[in-house]
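# Report on the structure
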Amino acid sequence: MFGKKKAVKYDPNTAPASLDAEEAARLAFASDQGLTSHHFVEGEHPIVRIEHLGKTFDGTTQVLRDVNLNVWPGEIVVVLGPSGSGKSTMLRCINLLETPTSGHILIEDEEITGKSISAVNKLRRDVGMVFQSFNLFPHLTAKENVMIGQTRVLKKSKAEAEKEALLQLDRVGLLDRADFKPPQLSGGQQQRVAIARAIAMHPNVLLFDEPTSALDPELVRGVLDVMRDLALNSGMTMIVVTHEMGFARDVADRVVFMEGGVVVEQGKPEKVFDHPENARTAEFLGSIE
Ligand SMILES: Nc1ncnc2c1ncn2[C@@H]1O[C@H](COP(=O)(O)OP(=O)(O)OP(=O)(O)O)[C@@H](O)[C@H]1O
Ligand SMILES: [Mg+2]
């Protein structure tokens, strides 16, 4: 579509913005070999493509400088990095909770930056998010929390939404808590309800922003087990910001290290953890492992 097909080596830092989809897929296929344990094939397209993403708050605070990342369908990507490096801002840009100030984000080759509210609503169906603080409605039961997006956004009937809600609550091990309200549930249970709510929408991509950081240590395991099950058995694409290094090592196809608003290093978990190339990655991992 744009430009000629040139035999250029893909350099994510200099690649032109918003590439033609075929060209981008070809370059991503070449550049991502060896960076992920996820299997992808020639001709396949990344499900999320982030090109030169920038985000500046209030015209002055530049939080994302030049983020470049591909995520393949079904890939599990774990994002690490020190506080303030821009991890949450990147996730929030992917579902347009924040408006990017430069660059491009494409989901299934569709540009989502600079889109209208109705387009954003479609996006909200395609991209789910699980927050650190659960964000459940306290006055609704677990089941009603899982139903509400389905009836309001997907326009499902109550009966259909209820069936799906019970299915997903069962998946996260909370069928017996379906009629409990959030204040009657532990933090770990609330987070599992939030996960059930997200997967009941059948998103193509599910984003997690430190889903276990607000939990008491003994409740972390149950949430990670649910996430592990989804990662291994659902086929869903997941981008997970977490400080759970064990989860990252075991479950991630690719680990991405961010600092200062850029992706500093990325690769298979064993590579990034055991042989980091970047001094900052090594220092960060050394400080938390
Ligand atoms: N709405 C906002 N207005 C101004 N600055 C913001 C806003 N949101 C985030 N920032 C700034 O952007 C930087 C990155 O924040 P972000 O929340 O993306 O970091 P993070 O990597 O998720 O950190 P943490 O590990 O602490 O969650 C921080 O310096 C933060 O103060
Ligand atoms: Mg954050």
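Here goes a summary of the coordinates provided. Everything numeric here is computed off the predicted structure, so don't read it as measured data. (Residues numbered from 1 in each chain as written. Chains lettered and ligands numbered in written order. Predicted model: local features only at pLDDT ≥ 70, side-chain atom pairs only at ≥ 80, totals over all residues. Heavy atoms only, no water.)

Okay, the layout of surface pockets next. Over the atoms, a rolling probe the size of a water molecule traces out where space has been left empty. In this structure, the largest pocket spans a volume of roughly 560 Å³. Lining the largest pocket are 19 residues, and of these Arg124, Met129, Gly149, Arg197 and Met201 sit closest to its centre. Mapped by element, the contributors of at least two residues to the lining of the largest pocket are α3 (117-126), β6 (127-130), α4 (142-152) and α6 (187-200). Among the residues making up the lining of the largest pocket, the classes are represented as 10 nonpolar, five polar and four charged. (1 Å grid on protein atoms, 1.4 Å probe; cavity = no way out; pocket = protein on both sides within 12 Å on 5 of 7 lines; lining within 4 Å. Points joined across faces, edges and corners; volume = space filled by probe spheres on them. Helix = DSSP H or I, 4+ residues; strand = E, 2+ residues; numbered from the N terminus. Nonpolar A, V, L, I, M, F, W, Y, C, P; charged D, E, K, R; others polar.)

Attention shifts here to the environment of Ala282. Here Ala282 lies in helix α10 (residues 279-288). The class for Ala282 is partly exposed, based on a relative accessible area of 34%. Residues Ala282 and Val272 lie 10 residues apart in sequence; the distance between their C-alpha atoms is 8.4 Å. (Buried < 20%, exposed > 50% of the residue type's maximum accessible area, 1.4 Å probe, protein only.)

The next point concerns unusual backbone geometry. In this structure, Phe134 takes a positive phi of about 65° despite not being glycine. Along the polypeptide, Phe134 turns up in the loop between β6 and α4. According to the relative accessible area criterion, Phe134 is buried, its value standing at 12%. One non-glycine residue, Lys155, lies in positive phi territory at about 60°. Along the chain, Lys155 falls in the loop between α4 and α5 (158-171).

If you look at the biggest cluster of nonpolar residues, it comprises 47 residues, and the most contacted ones within it are Leu80, Ile195, Leu206 and Phe208. The residues contacting Ile195, other than those within four sequence positions of it, are Val130, Val172, Phe208, Val223, Val226, Met227 and Leu230. With 31 residues, the next largest nonpolar core counts Ile47, Val77, Cys93 and Val127 among its residues. (Core = buried A, V, L, I, M, F, W, Y, C linked by side-chain atoms within 4.5 Å. Contact = heavy atoms within 4.5 Å.)

On the basis of which strands lie adjacent, the open sheet formed by six strands has the order β6-β7-β8-β3-β9-β10 and mixed pairing. In this open sheet, the two strands that pair with only one neighbour each are β6 and β10 (262-267). Neighbour-to-neighbour, the strand axes of the sheet open up by a mean angle of 20°, direction not taken into account. Summarising the sheet, β6 and strand β7 (residues 205-209) pair through four bridges and their orientation is parallel. (Pairing = 2+ DSSP bridges. Axes fitted to C-alpha atoms, helices over the stretch in contact; angles between N-to-C directions.)

All right, on to helix α7 (residues 217-233) then. Compared with the 24 Å implied by 1.5 Å per residue over 17 residues, the 25 Å span of α7 between its first and last C-alpha is a close match. For α7, the elements touching its buried residues are β3 (76-80), α5, α6, β7, β8 (237-241) and α8 (245-251). Downstream of α7 by one or two residues, Gly235 has phi in the positive range, about 80°. (Expected span 1.5 Å × (residues − 1).)

Applying the stated criterion across every chain, the model contains three aromatic pairs. Ring plane angle 90° and centroid distance 5.6 Å describe the contact between Phe29 and Phe40, whose orientation is recorded as edge-to-face. Separated by 11 residues along the polypeptide, Phe29 in helix α1 (residues 21-32) and Phe40 in the loop between α1 and β1 (48-57) bring together distant segments of the chain. Taking the relative accessible area as the measure of exposure, Phe29 reaches 18% and is therefore buried. The class for Phe40 is buried, based on a relative accessible area of 7%. Judged by centre distance (4.1 Å) and plane angle (10°), the rings of Phe40 and Trp72 are stacked. (Phe/Tyr/Trp six-rings, centres within 6.5 Å; stacked < 30°, edge-to-face > 60°.)

A word on the site of ligand 1. As a matter of local geometry, ligand 1 sits amid Phe57, Val63, Pro82, Ser83, Gly84, Ser85, Gly86, Lys87, Ser88, Thr89 and Glu210. Between ligand 1 and the protein, one listed contact pairs an oxygen atom with a side-chain N or O atom of Ser88 at 2.8 Å. Here ligand 1, which alone exposes 630 Å², has 60% of that area covered by the protein. Sorting elements by how many residues they give to the shell around ligand 1 places helix α2 (residues 87-94) first, with three residues. Class assignment of the residues belonging to the shell around ligand 1 gives a composition of three nonpolar, six polar and two charged. (Near = heavy atom within 4 Å. Polar contact = N/O pair within 3.5 Å; in protein donor to acceptor, adjacent residues only side chain to side chain. Areas by Shrake-Rupley, 256 points an atom, 1.4 Å probe, with all protein chains shown as cover.)

Note: strands within a sheet are paired through backbone hydrogen bonds, in either parallel or antiparallel orientation. Pairing in this open sheet of four strands is antiparallel, and the strands run β2-β1-β4-β5 from one edge to the other. Edge positions in the sheet fall to β2 (61-71) and β5 (110-111), since each has one partner strand and no second. As paired strands, β1 and strand β4 (residues 102-107) are joined by five bridges and run antiparallel to one another. Bridging across to β4, Ile50 finds its partner in Ile105. Along the sheet, α2 contacts β1, β2 and β4; its crossing angle with β1, the most-contacted strand, is approximately 115°.

Here β4 pairs with β5 via two bridges, running antiparallel. Following the sheet pairing, Ile107 is matched in β5 by Glu110. Count of turn residues in the β4/β5 antiparallel hairpin: two residues, of which Glu108 carries a positive phi of about 50°.

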